[in-house]
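# Examination of the molecular architecture
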Amino acid sequence: MTSFVKVLKDPVHDEILVEDPWVWRLINTAALQRLRRIRQLGTSYLTFHGAEHSRFTHSLGAYETMRRVLIQLERECGWPRDERDRKLALSAALLHDVGHGPFSHTFEAVYPVHHEQWTRRILLEDDELATVLGEVDDAFADDLVGVLEKRGRFPIVEQLISSQLDVDRMDYLLRDAMNTGVSYGRFELARLIRSLSLAGDQVVLKASGLHTVEQYILARYFMYTQVYFHPVTVGSDVLVMQILRRAGEVWQAGGMEDMPPELTVFWRGSADQVRVQDYLAIDESTLVYAFHCFARSADVVLADLARRFLHRRLLAPVIRPEPTQEEWAALRTAARALGFHPDYYISGRASAVAGYVYRGEGISVLMADGRVSELSRESKLVRSLVPESEYRLFLPKEMIEGDTPVHERVRSILGMHASRVGAGASAAKPEPDDRP
Ligand code: NI
């Protein structure tokens, strides 16, 4: 037996144990260390000031959750049977987010390459990572990609990495709840892990864990409605998107005086022409530095959008039904009259919160009589969680608050009365970090 052990202190799991020097080498690759410079929750720190934790801390947490799940399944069912499967499960948990870019989902919306595609390319094309993965055997990196893409060859590992009851969610719900300071994201992780078992190739929950999994599903539901889709956060994402869009256009027109060269590779050609090392060179520090450059730009729209982000003068969310064509046209006219380019300053988004999804990939429950049931069949509470959607319109506060007839017109289109401006212009939900 080897005496190798590294103990990492962690706010969620107390201690993260690394007992395999190979895992330690994975942790120390530049590709994984880069995740220290990418926040787990993107722009959420503009809403919840504590949400500064990185994807690196979450990756370690997902690894530790997997390590504990493996101990449980080994005790309960004698799985994993060999060292290779154990390495596959641990490295998949550690590396599942390695392809994320800065302000992930927003970045993906502007440059149409999904982070999962980058994960695959990084695992196969990054020299340092490929070397460490290749220490196991020549097929290992490809099998790892197969697990993350759910190709079906390693069903147990695949379910543990990506299903409605996976180590990714178990860690991020607890970590995001802790860092945002909300209490409704909590659930009993140790008890949930003790409830896990296997029925053939299927990961199942023992019926004794029903209430624990209900708590976990509710935690997820609350985190989506109250944190992940908070209107102020969604508005911040919209702003980042508009900045990147405008910056690309200014650059294409030859009007960009100063910006980090790393960012321009995406504007030169299609995404598959971008090399892995170019993608890995971009993190949130690069992007925020770019925003500082944009704030000095001669292009007034770009400079203003960048300053709004840096100084947190965000777009105001207005929760209302989607505007009709006539209302859109009137809002655009009003924006122009008030000096705002309508293409960059007004936009809308519907945010949909999935309830518990039981079609296809529900959570399997192992009943006392040995049959496998499906969670929503066994839990009334879970059944009651139906998907919800909310439409939000984003526009500058300066378009709503003012005494001119144009402001009055905007308020009337939005269905606001003068006396209600304050309440209507900000979010209907509590704003933990709202400025006075
Ligand atoms: Ni994750």
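Residues numbered from 1 in each chain as written. Predicted model: local features only at pLDDT ≥ 70, side-chain atom pairs only at ≥ 80, totals over all residues. Heavy atoms only, no water.

Turning our attention to the overall build of the protein chain. Summing up its helical and strand segments, the protein chain has 23 helices and 9 strands in all. Taken over C-alpha atoms, the radius of gyration comes to 24 Å for the protein chain, in line with the 22 Å a tight globule of 436 residues would show. Of the contacts formed within the protein chain by residues at least 6 apart in sequence, a portion of 71% connects residues at least 24 apart. Of the roughly 19,100 Å² of accessible surface on the protein chain, a fraction of 51% belongs to carbon and sulfur atoms. (Helix = DSSP H or I, 4+ residues; strand = E, 2+ residues; numbered from the N terminus. Rg over C-alpha atoms; globule rule 2.2 N^0.38 Å. Contact = heavy atoms within 4.5 Å. Areas by Shrake-Rupley, 256 points an atom, 1.4 Å probe, with all protein chains shown as cover.)

Considered domain by domain, the protein chain is made up of domain 1 (6-196 + 208-229), domain 2 (230-312) and domain 3 (315-352 + 388-436). Taken together, the two surfaces of domain 2 and domain 3 that pack against each other cover about 1,800 Å², and 55% of this comes from carbon and sulfur. Linking domain 2 with domain 3 are 1 salt bridge, by the criterion used here. There are 5 residue pairs in polar contact (both at pLDDT 80 or more) connecting domain 2 and domain 3. (Domains from an automatic or database assignment. Buried area = accessible area lost by both parts, 1.4 Å probe. Salt bridge = Lys/Arg side-chain N within 4 Å of Asp/Glu carboxyl O. Polar contact = N/O pair within 3.5 Å; in protein donor to acceptor, adjacent residues only side chain to side chain.)

In terms of strand pairing, strand β1 (residues 6-10) meets strand β2 (residues 14-18) through 5 bridges, oriented antiparallel. The partner of Val7 across the bridge, within β2, is Leu17. Where β1 folds back on β2, the antiparallel hairpin that results is connected by 3 residues. (Pairing = 2+ DSSP bridges.)

Here we come to the coordination of the nickel ion. Only His58 (NE2), His96 (NE2), Asp97 (OD) and Asp168 (OD) from the protein coordinate the nickel ion, and they sit 2.1 to 2.3 Å from it. Every donor counted, the 4 donor atoms about the nickel ion form angles of 80 to 170° at the centre, which fits irregular coordination. On the basis of relative accessibility, which here comes to 16%, the residue Asp168 falls in the buried class. (Donors = N, O, S within 2.8 Å, 3.2 Å for Na, K, Ca; no water. Tetrahedral: all angles 85-135°; square planar, octahedral: opposite > 155°, others 65-115°. Buried < 20%, exposed > 50% of the residue type's maximum accessible area, 1.4 Å probe, protein only.)

This brings us to the pattern of salt bridges. Summed over all chains, the structure comprises 33 salt bridges. When the shortest N-O distance is used, the salt bridge between Asp97 and Arg55 registers 3.5 Å. Of the two residues, Asp97 sits in the loop between α4 (83-95) and α5 (104-110) while Arg55 sits in helix α3 (residues 55-77), which places them 42 residues apart along the sequence. Overall, Arg55 belongs to the buried group, its relative accessible area being 6%.

Bringing the sheet that holds strand β5 (residues 316-319) into the picture now. A sheet is described by the order of its strands in space; here 3 strands give the open sequence β5-β9-β6, paired in antiparallel fashion. Every other strand in the sheet has two partners, leaving β5 and β6 (347-353) as the edge strands with one partner each. Strand-to-strand twist of the sheet, defined as the mean angle between neighbouring strand axes without regard to direction, takes the value 35°. Bridge count between β5 and strand β9 (residues 388-395): 4 bridges; the pairing is antiparallel. Each bridged residue has a counterpart across the sheet, and for Val318 the counterpart in β9 is Leu393. (Axes fitted to C-alpha atoms, helices over the stretch in contact; angles between N-to-C directions.)

On to the packing of aromatic side chains, then. Summed over the entire model, instances satisfying the criterion amount to 15 aromatic pairs. With centroids separated by 5.8 Å and ring planes inclined at 40°, the aromatic side chains of Trp251 and Trp267 adopt a geometry described as tilted. With a gap of 16 residues between them, Trp251 in helix α13 (residues 231-252) and Trp267 in helix α14 (residues 265-268) connect regions that are remote in the sequence. The interplanar angle of 55° and the centroid separation of 5.0 Å between the aromatic rings of Phe340 and Tyr345 together place this pair among those described as tilted. The exposure classification of Phe340 matches that of Tyr345, with both residues buried. Clustering of aromatic rings is evident, with ring pairs tying together Phe103, Phe291, Phe294 and Phe309. Sitting above the plane of the Phe56 ring, Arg36 keeps its charged end 4.1 Å from the centroid. Positioned above the aromatic ring of Tyr45, the side-chain terminus of Arg39 is 3.8 Å from the ring centre. (Phe/Tyr/Trp six-rings, centres within 6.5 Å; stacked < 30°, edge-to-face > 60°. Lys NZ or Arg CZ within 6 Å of the ring centre and 35° of its normal.)

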